[in-house]
Amino acid sequence: MWSIWLAAALGLSVWLGTQLFVQSEKPDFLIGETSHAHHQIEMQCTACHLEPFNATNVLQEACTGCHSEELRIAQDSHPRSKFTDPRNADTLAKLDARYCVTCHREHNEDITQALAVTLPEDFCFHCHTDIATDRPSHTGMEFNTCASAGCHNYHDNRSLYEDFLVENAAGPWLKPEGRQPDRDIVAYMEKLGIRAQDRPLE
């Protein structure tokens, strides 16, 4: 009886050990689904976990290794440097924004929202408590609508400012996409819901 249990335990150890230390894909060690944006690397654990049992700093290196260029292009409105500045040390007690995993914790599908944010929807308010006083336009707004009302994006606010929209109103990205006019009158009429036999005779 003991030999059967020993053989089963040994076989399981070999199976899991091979997956953990040899294979690049480790499906039996996946603790939960990844966010939608990371589904393509879900089985490539080492893409984010650069070392086994890695610390927050190691995860941070993995995040910035893939996303630093995106944040640079977006002119990140909440860069890490803002929170390493001693003048903003008090905000770290509320939200340690030096690390991506503070707001984006993978493998927590039950609390993952849009853009892979895993914080409660009122996270902006914890640092911006005086916003209604400082900006009358925000008076009466709910604290959980900052990120969901379409007004703010934590990392990139450039396109949300009126001056930016006015300055770039003639930009090609704000114009309707050009298309060639319909040449087939029958197809065009059918597209409008008019059957060819219903057309008046010319």
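The structure presented is a predicted model; accordingly, all values stated were derived computationally and were not measured.

## A short note on the side chain of Thr91
(1) Moving on: Within the element layout of this structure, Thr91 appears in helix H4 (residues 89-92).
(2) Moving on: In this structure, Thr91 is in contact with Phe83 and Cys127, ignoring residues within four places of it in sequence.

## A few points about the confidence of the model for the chain
(1) Moving on: In this model, the chain carries a mean pLDDT of 77, and residues with pLDDT of at least 70 account for 68%.
(2) Moving on: The secondary structure element of the chain with the lowest average pLDDT is helix H6 (residues 162-167), at 66, and the one with the highest is helix H3 (residues 80-84), at 90.

## Some words on the pattern of salt bridges
(1) Moving on: By the definition in use, this model includes three salt bridges.
(2) Moving on: Ionic pairing is found between Glu69 and Arg72, a salt bridge with its closest N-O pair at 2.6 Å. Separated by three residues within a single helix, Glu69 and Arg72 lie in helix H2 (residues 56-73), roughly one turn from each other.
(3) Moving on: Classification of Glu69 as partly exposed rests on a relative accessible area of 41%.

## Describing unusual backbone geometry
(1) Moving on: The phi dihedral of Leu115 falls on the positive side, at around 60 degrees, and the residue is not glycine.
(2) Moving on: When you line up the elements, Leu115 lands in the loop between H4 and helix H5 (131-134).
(3) Moving on: A positive phi angle is found at Ala116, which is not glycine, with a value near 60 degrees.
(4) Moving on: In this structure Ala116 comes out as buried when scored by relative accessible area, which is 16%.

## Overview of the packing of aromatic side chains
(1) Moving on: Using the criterion set out here, one finds one aromatic pair in the structure.
(2) Moving on: Against the face of Tyr99 rests Arg80, its NZ or CZ located 5.1 Å from the ring centre.

## Let's talk about a nonpolar patch on the surface
(1) Moving on: On the surface, Met1, Trp2 and Trp5 cluster together into a nonpolar patch covering about 520 Å² of accessible area.
(2) Moving on: Tracing the backbone shows Trp5 in helix H1 (residues 2-21).

## Concerning the state of the cysteines
(1) Moving on: Following the criterion strictly, the structure yields zero disulfides and no others.
(2) Moving on: Not engaged in a disulfide, the cysteine Cys66 finds its nearest cysteine sulfur in Cys48; these two sulfurs lie 6.8 Å apart.

## As for the side chain of Thr34
(1) Moving on: Relative to the helices and strands, Thr34 is located in the loop between H1 and H2.
(2) Moving on: Residues contacting Thr34, with those up to four places away along its chain left out, are His39, Glu42, Glu106 and His107.

## What about H2?
(1) Moving on: Under the 1.5 Å per step criterion, the end-to-end length of H2 is 25 Å for 18 residues, consistent within 8% with the ideal 26 Å.
(2) Moving on: Helix geometry: H2 is bent most strongly at His67, by close to 60 degrees.
(3) Moving on: Among all positions of H2, only Val58, Gln60 and Ala62 are buried.
(4) Moving on: In this fold, the buried residues of H2 make contact with H3.
(5) Moving on: In the segment just after H2, Gln75 is the residue with positive phi, at about 55 degrees.

Parameters and conventions
- Residues numbered from 1 in each chain as written.
- Predicted model: local features only at pLDDT ≥ 70, side-chain atom pairs only at ≥ 80, totals over all residues.
- Heavy atoms only, no water.
- Helix = DSSP H or I, 4+ residues; strand = E, 2+ residues; numbered from the N terminus.
- Contact = heavy atoms within 4.5 Å.
- pLDDT = per-residue confidence, 0-100.
- Salt bridge = Lys/Arg side-chain N within 4 Å of Asp/Glu carboxyl O.
- Buried < 20%, exposed > 50% of the residue type's maximum accessible area, 1.4 Å probe, protein only.
- Phe/Tyr/Trp six-rings, centres within 6.5 Å; stacked < 30°, edge-to-face > 60°.
- Lys NZ or Arg CZ within 6 Å of the ring centre and 35° of its normal.
- Patch = residues over 30% accessible without salt bridge, like charges linked within 9 Å, V, L, I, M, F, W, Y side chains within 5 Å.
- Areas by Shrake-Rupley, 256 points an atom, 1.4 Å probe, with all protein chains shown as cover.
- Disulfide = S-S within 2.5 Å.
- Expected span 1.5 Å × (residues − 1).
- Bend = angle between axes of the 7 residues up to and from the residue.

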